[in-house]
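An overview of the molecular structure
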Amino acid sequence: MIVAADEHGIALAARILADGGLVVFPTETVYGLGGLAHDPDAVARIYRVKGRPGSNPLIVHVAGTAQARELAGEGWNDVAEALAGAFWPGPLTLVLPRAQGLAEAATAGGPTMALRVPSHPVARALLAACGRPVVAPSANSSGRLSPTLASHAWEDLGDHVDLILDGGACPAGVESTVVDATTRPARLLRPGPVSPMKLEEVLGRFAVGPGSETVARSPGLETRHYAPRTKLVAVTNPEAAGRLAREALAEGREMASLAFGDTPADMILPGTPSEAEHALFAALHRLDSLGLDLIVAVLPPDEPRWWAVRDRLARASAP
Ligand code: TXA
Ligand code: MG
């Protein structure tokens, strides 16, 4: 069932969560599939509904930084304090030592937890009304595109969840930036709306990519992810896209191209990273619904400000 994310919808959603149910709700990044972080049955059901491997840990969402500090307890540290001060509430997830009392499966049995304080007014109101930590992976079947509209979640998960709160389009449009705050230097695990430049302003130096230990601890960052059903090929320049288009035409296959800024294509997204991030998943959902044989994406420049977009396209196109 989909309901508007007004006062009544949010109150209903909070009751369903408190009773151990699952609710899809909007955040500033993408829609999340929420359940109580302390409830093993709710957490198990999230994995089942998504078809998510039990080895891929979830993100714990709380209503404010004070609640996050309290949950993290002695695991809270200087990096967490600095990043939370700069970016919470907002699209940043911190990896910290695991808190006590969480369902074992919430962290996939691992020694760390991912924690975030979202800024979306609906998410904040829901978390405040619920009063307890809520785990929320993106509200899509495992491996599929993340939802940035309630309708995306409805088409993918439908009645397998107890309620979908419709709060319109998610403003940021790509999943939160994930930073491992247990290592020194801190490590950027997933690029997102909080850009590398902004992290640098707060952290100075930081490491990038899955470190050798984090691979084992964050199997959800495996390459193929966020993928449309249609085959997607990522290329670095419009000439390569043109070649693929001519080949497809010669073979009678239907293709559409996607590009950024001034680059000509069938679908052109903005040339500004934050605007392109906002539009990316909706564009991929739309292209995917056309029943094409091939989608060709011309990647934006290999610059840190474009990492989030390049990362999602690289994952969507991984074989
Ligand atoms: O923006 C977001 O973060 C959205 C909204 C709903 O909040 N949620 C989201 O969750 O993207 P999900 O489950 O789709 O992605 C969580 C990512 C996965 O790549 C997972 O492996 C990683 O965070 N992760 C979770 N716990 C971790 C941990 N303890 N250590 C390292 N990575 C972790
Ligand atoms: Mg996801």
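For the structure itself, look to the data block above.
Counting starts from 1 at the beginning of each chain's written sequence and moves along it residue by residue. Chains and ligands are labelled by the order in which they are written, letters from A for the one and numbers from 1 for the other. In view of the model being predicted, local features appear only for residues whose pLDDT reaches at least 70, and side-chain atom pairs are presented and counted only at 80 or more, with totals across whole chains, interfaces and linings using the full set of residues. With hydrogens and water set aside, each side-chain value is computed from the structure's full complement of heavy atoms.

Every helix listed is a DSSP run of H or I at least four residues long, and every strand listed is a run of E at least two residues long, numbered separately from the N terminus. Helix and strand counts for the protein stand at 11 helices and 15 strands. The globule rule is 2.2 Å times the number of residues to the power 0.38, and the radius of gyration it is compared with is taken over C-alpha atoms. The C-alpha atoms of the protein give a radius of gyration of 19 Å, which matches the 20 Å a tight globule of 319 residues would have. Long-range pairs, those at least 24 residues apart, make up 68% of the contacts in the protein with a sequence separation of at least 6. In short, Shrake-Rupley with a 1.4 Å probe defines the accessible areas, and a residue's cover is counted only from the protein chains shown. Total accessible area on the protein stands at roughly 13,100 Å², and carbon and sulfur atoms take up 52% of it. None of His or the chain ends enter the tally, which takes Lys and Arg as positive and Asp and Glu as negative. Every charge is mapped to an atom, namely NZ of Lys, CZ of Arg, CG of Asp or CD of Glu. In the protein, the 28 positive side-chain charges and the 35 negative ones have mean positions that sit 4 Å from each other. For this analysis, residues touch if any pair of their heavy atoms sits within 4.5 Å.

Across the sheet, which stays open at both edges, the four strands sit in the order β12-β15-β13-β14 with parallel pairing between neighbours. At either end of the open sheet lies a strand with only one pairing partner, and these are β12 (232–235) and β14 (267–269). Looking at each pair of strands side by side, their axes are set apart by 20° on average, direction ignored. Helix-sheet contacts for helix α11 (residues 307–317) involve β12, β13 (255–260) and β15 (294–298), and the interaxial angle to β12 is about 135°. DSSP calls a pair of strands paired once it identifies at least 2 bridges connecting them. Inter-axis angles, ranging from 0 to 180 degrees, are taken between N-to-C directions of lines fitted to C-alpha atoms, where helices are fitted over the stretch in contact.

A word on the side chain of T148. Positionally, T148 belongs in the loop between β7 (134–135) and α6 (150–157). Ignoring anything within four residues of it in the chain, the contact list for T148 reads T29, V30, Y31, G168, A169, C170, G173, F281 and A282.

Geometrically, the link from W88 to P89 is a cis peptide bond, its omega value of -5° lying close to zero. Here P89 is to be found in the loop between α4 (78–87) and β5 (92–97). Look at the link from R184 to P185: it is a cis peptide, with omega at -5°. Residue position: P185 is located in the loop between β9 (177–180) and β10 (187–190).

Here α4 crosses helix α7 (residues 196–203) at 125°, and the two axes come no closer than 10 Å. The angle between the axes of α4 and α7 places the two elements in the oblique class. Our pair here, α4 against α7, has a crossing hand that is right-handed. Residues V79, A82, L83, A86 and F87 of α4 touch α7, and the partners they reach there are K198, L199, V202 and L203. In terms of residue class, the contact of α4 with α7 is made up of eight nonpolar, no polar and one charged. Comment on the angle field: the value is read as roughly parallel under 35 degrees, roughly antiparallel over 145, roughly perpendicular from 65 to 115, and oblique elsewhere. Handedness of a helix crossing follows the sense of rotation of the near helix relative to the far helix, less than a right angle counterclockwise being left-handed and clockwise being right-handed. Residue type decides the class: Asp, Glu, Lys and Arg count as charged, Ala, Val, Leu, Ile, Met, Phe, Trp, Tyr, Cys and Pro as nonpolar, and the leftover types, Gly among them, as polar.

Before going further, it helps to examine the sheet that holds strand β2 (residues 23–25). Reading across from one edge, β1-β8-β2-β3-β7-β4-β6-β5-β9-β10-β11 is the order of the 11 strands in this open sheet, with mixed pairing throughout. The strands lining the two open edges of the sheet, one partner per strand, are β1 (2–4) and β11 (207–208). Where β10 lies against β11, two bridges are found, and the strand directions are parallel. Among the inter-strand pairings, L188 is bridged to a residue of β11, identified as V208. Across the face of the sheet, helix α2 (residues 40–50) comes into contact with β3 (32–36) and β7 while running at roughly 155° to β3.

All quantities given are derived from atomic positions and should not be read as evidence of function.
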